[in-house]
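So the chains spell out like this:
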Amino acid sequence: MDDDVAAKAAAARELLAERDGVLVAFSGGVDSSVVAALARDALGDDAVACTAKSETLPAEELDDATRVADDIGIDHAIVEFSELDDPDFVANGDDRCYHCRTMRLGEMLETARELGVGTVCDGTNADDPGAGHRPGLQAVEELDVHSPLLAHDVSKAEVREIAARYDLSVADKPSMACLSSRIPTGLEVTEDR
């Protein structure tokens, strides 16, 4: 791993180590997997990965997340909720991701409280804010979710380097949008669709 990337990973890990505990919003993709691996390194059993199970998460992605959490050696919690309970999400406007992320992270924050964990982290990386219309990032900011990759200017390519260093099976996994992103904006989101 490049020295600069190693220094960024070390800085992110050190910042996580200062927390009393961390819950990682964990999809099982490369970004959240790297944050989970850093958190596990920094905090041991005081780090937990948490995956939100809903209609927009394919079953095989949940299976992958469970497998990757096991590979990392981090405790893995699964919370269930339905985006379809939120009429603003169902309406499928151009802010659908904001409503989804608000609900998803709300579940993470509640789980963290139940576990006595003070910090919720996500896998937002340094490339995400410039990647076009990303209303979900507003929810991350509003809910005060910590983004260690973004905080240490870790790009997507660097995330993959760190993942390879940790020998994570998802190091080369392509990014995956949720199932609702396949429904044209303005067309109501339903379970069938």
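Refer to the structure above for everything that follows.
This structure is a prediction, so every number in the text was calculated from the model and none was measured. (Residues numbered from 1 in each chain as written. Predicted model: local features only at pLDDT ≥ 70, side-chain atom pairs only at ≥ 80, totals over all residues. Heavy atoms only, no water.)

## A closer look at the side chain of N125
As for its placement among the helices and strands, N125 is situated in the loop between β4 (119-121) and α6 (136-142). The class for N125 is buried, based on a relative accessible area of 1%. Within the structure, the side chain of N125 is placed 2.7 Å from the backbone nitrogen of D127, a separation counted as a polar contact. Beyond its immediate sequence surroundings of up to four residues, N125 is in contact with D31, L149, L150, V154, S155, K156 and V159. (Helix = DSSP H or I, 4+ residues; strand = E, 2+ residues; numbered from the N terminus. Buried < 20%, exposed > 50% of the residue type's maximum accessible area, 1.4 Å probe, protein only. Polar contact = N/O pair within 3.5 Å; in protein donor to acceptor, adjacent residues only side chain to side chain. Contact = heavy atoms within 4.5 Å.)

## Describing unusual backbone geometry
Of note, D153 is a non-glycine position whose phi angle comes to about 55 degrees, a positive value. Here D153 shows up in the loop between α7 (148-151) and α8 (156-165). Of note, the phi angle at D167 is positive, near 60 degrees, even though the residue is not glycine. In this structure, D167 sits in the segment after α8.

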